[in-house]
Amino acid sequence: MSRVVTSSDGQQRCAWSATAPEFDAYHDAEWGFPVGDDRRLFEKICLESFQSGLSWRTILSKRENFRAAFDGFDYHSMAGYGPEKVAALLQDAGIIRHRGKIEAVINNAARAVEMEASEGSLAAFFWRYEVKTPPEPQTVSTCPESVALSKDLKKRGWKFVGPTTCFAFMQAMGLVNDHAEGCYCRPLAAEARRAFSVPL
């Protein structure tokens, strides 16, 4: 099965982008391009945690609702959420109302604050796990780096951050260029990575 499809505009894209109309914009402008902003990195790993067992389309369609519900994924604010906030989130039909996942991302916000203090930034930490020798694009759901990242995060007290979740996060945030061979975005993501300065 081909890992690329030719879209209506004539461009070849990763085949998954054709499975929902809203995916083209996400695929072309976000997925696989390097990110060094701490809040965007934190948002993405939270959303990947919420995706566990669900489809990315479900999460993407609710992304603005998640942003509104979680203060734009400001982890300093989220770290202070208490039982009343959890109760309110469980009543918010615009997000995924899963107590375990909600409590996990609040916990992870507190861990993110700790990480910022100890590592300088979330970006500096996450980019240590960049995939230097990528597997063949779109053939695996984990890699040694995602396994190591998951292990390190769990050691630091993070939750809902298994190797598959971490690999999906790495794909989306440009820590691995997993655009399919032949996808027009693959060389664009590679060029963006060459121009990107890894946070220290």
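Keep in mind that this is a model prediction, so the values were computed, not measured.

Peer 1: Before we move on, could you go through helix α9 (residues 144-155) and cite the residues and values that matter?
Peer 2: For α9, built from 12 residues, the straight-helix expectation of 16 Å at 1.5 Å per residue is met to within 8% by its first-to-last C-alpha distance of 17 Å. For α9, the set of buried residues is Ser146, Leu149, Ser150, Asp152 and Leu153. Down the axis of α9, the buried side of the element spans an arc of 165 degrees, and every buried residue falls inside it. In this structure, α9 carries Pro144, Lys151 and Lys155 as exposed residues pointing more than 90 degrees from its buried face. The elements touched by buried residues of α9 are α2 (38-51), α7 (99-119), α8 (122-126) and α10 (163-173). Where α9 terminates, the next one or two residues include Gly157, which has phi positive at roughly 100 degrees.

Peer 1: Run through the packing of aromatic side chains, naming residues and quoting values.
Peer 2: Inspection of the entire model under this criterion finds 16 aromatic pairs. In textbook terms, an aromatic cluster arises when at least three aromatic residues are bridged by ring pairs, as seen for Phe42, Tyr75, Phe125, Phe126, Tyr129, Trp158 and Phe169. One cation-aromatic arrangement involves Lys85 over Tyr81; the distance from NZ or CZ to the ring centre is 5.0 Å.

Peer 1: Tell me about α10, residues and numbers included.
Peer 2: Counted residue by residue, α10 has nine buried out of 11 residues, so it is predominantly covered. Listed in full, the buried residues belonging to α10 are Thr165, Cys166, Phe167, Ala168, Phe169, Met170, Gln171, Ala172 and Met173. Buried residues along α10 sit in contact with α1 (23-29), α2, α8 and α9. Positive phi shows up at Gly174, right after α10, with a value of about 85 degrees.

Peer 1: Give me the lowdown on the nonpolar core, citing residues and values where you can.
Peer 2: Phe42, Phe70, Phe126 and Leu153 are the most contacted members of the largest nonpolar core, which totals 60 residues. With residues near it in sequence (within four places) discarded, Phe70 still touches Phe50, Met78, Tyr81, Leu89, Ile95 and Val105.

Peer 1: Explain the side chain of Asp74 to me, and be specific about the residues and the numbers.
Peer 2: Along the polypeptide, Asp74 turns up in the loop between α4 (63-69) and α5 (75-78). Residue Asp74 is classed as buried on the basis of its relative accessible area, which comes to 18%. At a separation of 3.0 Å, a polar atom in the side chain of Asp74 contacts the main-chain amide nitrogen of His76.

Peer 1: I'd like to hear about the pattern of salt bridges, residue by residue, with values.
Peer 2: Summed over the entire model, instances satisfying the criterion amount to 18 salt bridges. A salt bridge links Glu22 to Arg57, with the shortest nitrogen-to-oxygen separation between them at 2.9 Å. Pair noted here: Glu22 is in the loop between β2 (12-14) and α1 and Arg57 is in helix α3 (residues 56-61), with a separation of 35 residues, a long-range link. When its relative accessible area of 39% is taken as the criterion, Arg57 is described as partly exposed.

Peer 1: I'd like to hear about the environment of Pro134, residue by residue, with values.
Peer 2: Following the sequence through the fold, Pro134 ends up in the loop between α8 and α9. A sequence separation of 45 residues divides Pro134 from Leu89, and the C-alpha atoms of the two residues are 38 Å apart.

Peer 1: How would you explain the state of the cysteines if you had to name every residue and give the values?
Peer 2: Among covalent bonds in proteins, the disulfide is the one between the sulfur atoms of two cysteines. Per the counting criterion, the structure on display carries zero disulfides. Cys183 carries a free sulfur, and the closest cysteine sulfur to it, the one in Cys14, is 3.8 Å from it. In this model Cys185 remains outside any disulfide bridge; the closest cysteine sulfur is found in Cys183, 4.7 Å from its own. The class of Cys185 is buried, set by a relative accessible area of 0%.

Conventions and cut-offs
- Residues numbered from 1 in each chain as written.
- Predicted model: local features only at pLDDT ≥ 70, side-chain atom pairs only at ≥ 80, totals over all residues.
- Heavy atoms only, no water.
- Helix = DSSP H or I, 4+ residues; strand = E, 2+ residues; numbered from the N terminus.
- Expected span 1.5 Å × (residues − 1).
- Buried < 20%, exposed > 50% of the residue type's maximum accessible area, 1.4 Å probe, protein only.
- Arc of directions from axis to C-beta.
- Contact = heavy atoms within 4.5 Å.
- Phe/Tyr/Trp six-rings, centres within 6.5 Å; stacked < 30°, edge-to-face > 60°.
- Lys NZ or Arg CZ within 6 Å of the ring centre and 35° of its normal.
- Core = buried A, V, L, I, M, F, W, Y, C linked by side-chain atoms within 4.5 Å.
- Polar contact = N/O pair within 3.5 Å; in protein donor to acceptor, adjacent residues only side chain to side chain.
- Salt bridge = Lys/Arg side-chain N within 4 Å of Asp/Glu carboxyl O.
- Disulfide = S-S within 2.5 Å.

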